[in-house]
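Examining the three-dimensional arrangement
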Amino acid sequence: MDLALVADPAVIELAGEVLARAFHDDPVVRWLLPDDPGTALMFTTLARYSHAITEAAYDAEGAMAGAALWDPPGHQPDEAGLSGFVEAMGERVSYGLVLEETFAAHRPAEPHWYLAQIGTLPEVRGRGVGGALLRTGLARCTGLPVYLECSKESNVPLYEKYGFHVTEEFRLPDGPLVWGMWRAAS
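Residues numbered from 1 in each chain as written. Predicted model: local features only at pLDDT ≥ 70, side-chain atom pairs only at ≥ 80, totals over all residues. Heavy atoms only, no water.

1. Quick notes on the overall build of the chain
For clarity, the cut-off: A run of H or I in DSSP becomes a helix once it reaches four residues, and a run of E becomes a strand once it reaches two; helices and strands are each numbered from the N terminus. With the radius of gyration taken over C-alpha atoms, the globule rule is written as 2.2 Å times the number of residues to the power 0.38. Each residue is assigned to one of three classes by its accessible area relative to the maximum for its type, calculated with a 1.4 Å probe on protein chains only: buried under 20%, partly exposed between the two thresholds, exposed over 50%. Residue contacts follow a heavy-atom distance rule, with two residues in contact if any of their heavy atoms lie within 4.5 Å. Note on areas: these come from Shrake-Rupley sampling with a 1.4 Å probe, and a residue is covered only by the protein chains present in the view. Positive charges are assigned to Lys and Arg, negative charges to Asp and Glu, while His and the chain termini are left out of the count. Charged groups are reduced to one reference atom each: NZ for lysine, CZ for arginine, CG for aspartic acid, CD for glutamic acid.
Within the chain one finds seven helices and seven strands. The C-alpha atoms of the chain give 15 Å as radius of gyration, which agrees with the globular expectation for 186 residues (16 Å, within 12%). Projected onto its principal axes, the C-alpha coordinates of the chain cover approximately 40 × 40 × 30 Å. Every one of the 186 residues in the chain was classed for burial, and the buried ones make up 48%. Across the chain, contacts joining residues at least 24 apart in sequence account for 70% of those joining residues at least 6 apart. In the structure as shown, the chain presents an accessible area of about 9,000 Å², 54% of it carried by carbon and sulfur atoms. Taking the average place of the 13 positive charges on the side chains of the chain and the average place of its 26 negative ones, the gap between the two points comes to 6 Å.

Listed below in C-alpha cells is the structure:
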C-alpha cells in the first residue's frame, strides 16, 4: 500500500469523493446532510480549504482507498472555502456552522495535532488501509498530543488501540453523540 501527501487539486477532489463514500453511513455526516447531495463537495472543500494536510492511501492497483485530513497546532482554515460549503450544503450550511462551533467548544486548549477526518472505502475496510493512514499521521505528530472527534461508537476501540482515550462524550444539538479522544504526546 502506498501513502502520499496530496496537493494536486484533482487528487484532492478524489480524496473528497473517497471520504464521502467512507462516511456514507456516519451519524454526524447524515445529521449534516441527510440526503447526501453535497457530501463529496463538502469533503473536497474541507481538504482544499479547512485542513492543512490531506493524505491518501492507494491500493496495489494505484486506486485511492482511503484519506485522512490533519491540522498541526495553531492551523487556521482558509475562509475562501466558505463558498464551497454553501454550494455543498445549501440550506444545511447552518448545521455545519453549529458543528464547527460545538467541536471548537470541546477541543482542548493545549497545543496539539488534530485528526479531522480519516476514512476508507467500504470495500477495503479491515484490510489495514485506515491503520496505515493513522500510523503514518501519528508518526508526523511525534512530541505533541493528538485530538480527534469520533462520530461512531464502534470506532472508539480502534482509536484506543492507537493510544487514544475518550475524554468526553457530547451531543450535537438535536443530533448524534460524539466522543472526544486524546492521545498523549509520544
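2. Considerations on the pattern of salt bridges
The cut-off we apply is this: For this analysis, a salt bridge means a side-chain nitrogen from Lys or Arg found within 4 Å of a carboxyl oxygen belonging to Asp or Glu.
Using the criterion set out here, one finds four salt bridges in the structure. For Glu123, the salt bridge identified is with Arg21, shortest N-O distance 2.7 Å. Of this pair, Glu123 sits in the loop between β4 (113–120) and α6 (129–140) while Arg21 is found in helix α1 (residues 9–22), placing the two residues 102 residues apart along the sequence. The class for Glu123 is partly exposed, based on a relative accessible area of 41%. On the accessibility criterion, Arg21 (42% relative accessible area) is partly exposed.

3. Section: the packing of helix α3 (residues 39–50) against helix α4 (residues 82–89)
For any two helices packed against each other, the geometry comes down to the angle between their axes and how far apart the axes lie. Keep this limit in mind: For helices, the fitted axis covers only the stretch in contact; all axes are lines through C-alpha atoms, and the angles between them, taken along N-to-C directions, range from 0 to 180 degrees. Our angle categories are set so that under 35 degrees counts as roughly parallel, over 145 as roughly antiparallel, 65 to 115 as roughly perpendicular, and the remainder as oblique. We call Asp, Glu, Lys and Arg charged. Ala, Val, Leu, Ile, Met, Phe, Trp, Tyr, Cys and Pro are nonpolar, and the rest, Gly among them, are polar.
Following both chains from N to C, one finds α3 and α4 inclined at 170°, their axes separated by 9 Å at the closest point. The pairing of α3 with α4 is recorded here as roughly antiparallel in orientation. Here Leu41, Met42, Thr45, Leu46 and Ser50 of α3 lie close against α4, whose contacting residues are Gly84, Phe85, Glu87, Ala88 and Met89. The residue makeup of the contact of α3 with α4, split by class, is six nonpolar, three polar and one charged.

4. What to know about the packing of aromatic side chains
A ring pair, where both rings are aromatic, is described by two values, the distance of the centres and the angle of the planes. Applicable threshold: Two rings from Phe, Tyr or Trp (for Trp, the six-membered ring) form a pair when their centres are within 6.5 Å of each other. A pair whose planes differ by under 30 degrees is stacked, one over 60 is edge-to-face, and the rest are tilted. Comment: the charge-over-ring label is applied if NZ (Lys) or CZ (Arg) is within 6 Å of the ring centre and within 35 degrees of the ring normal.
Applying the stated criterion across every chain yields a total of six aromatic pairs. Seen in terms of ring centroids, Trp31 and Tyr95 are 5.1 Å apart; in terms of plane orientation they differ by 70°. Their pairing is edge-to-face. Residue Trp31 is found in helix α2 (residues 27–32), and its partner Tyr95 is found in helix α5 (residues 93–106); the two are separated by 64 residues along the sequence. For Tyr95, a relative accessible area of 30% corresponds to the partly exposed category. Aromatic pair Phe103 and Phe170: ring centres 6.0 Å apart, planes at 85°, arrangement edge-to-face. On the criterion of sequence distance, the pair formed by Phe103 in helix α5 and Phe170 in strand β6 (residues 164–171) is long-range, its members being 67 residues apart. On the accessibility criterion, Phe103 (8% relative accessible area) is buried. Taken together, the ring pairs in this structure connect Tyr114, Tyr147 and Trp182 into an aromatic cluster. Taking the ring centre of Tyr95 as reference, the NZ or CZ of Arg92 above it sits at 3.6 Å.

5. A closer look at the environment of Lys161
Mapped onto the elements of the fold, Lys161 is located in helix α7 (residues 156–161). On the accessibility criterion, Lys161 (68% relative accessible area) is exposed.

6. Here we look at the pairing of β6
The cut-off we apply is this: Note on pairing: two strands pair once DSSP finds at least 2 bridges between them.
As judged from the seven bridges shared by β6 and strand β7 (residues 177–183), these two strands associate in the antiparallel manner. Following the sheet pairing, Phe164 is matched in β7 by Arg183.

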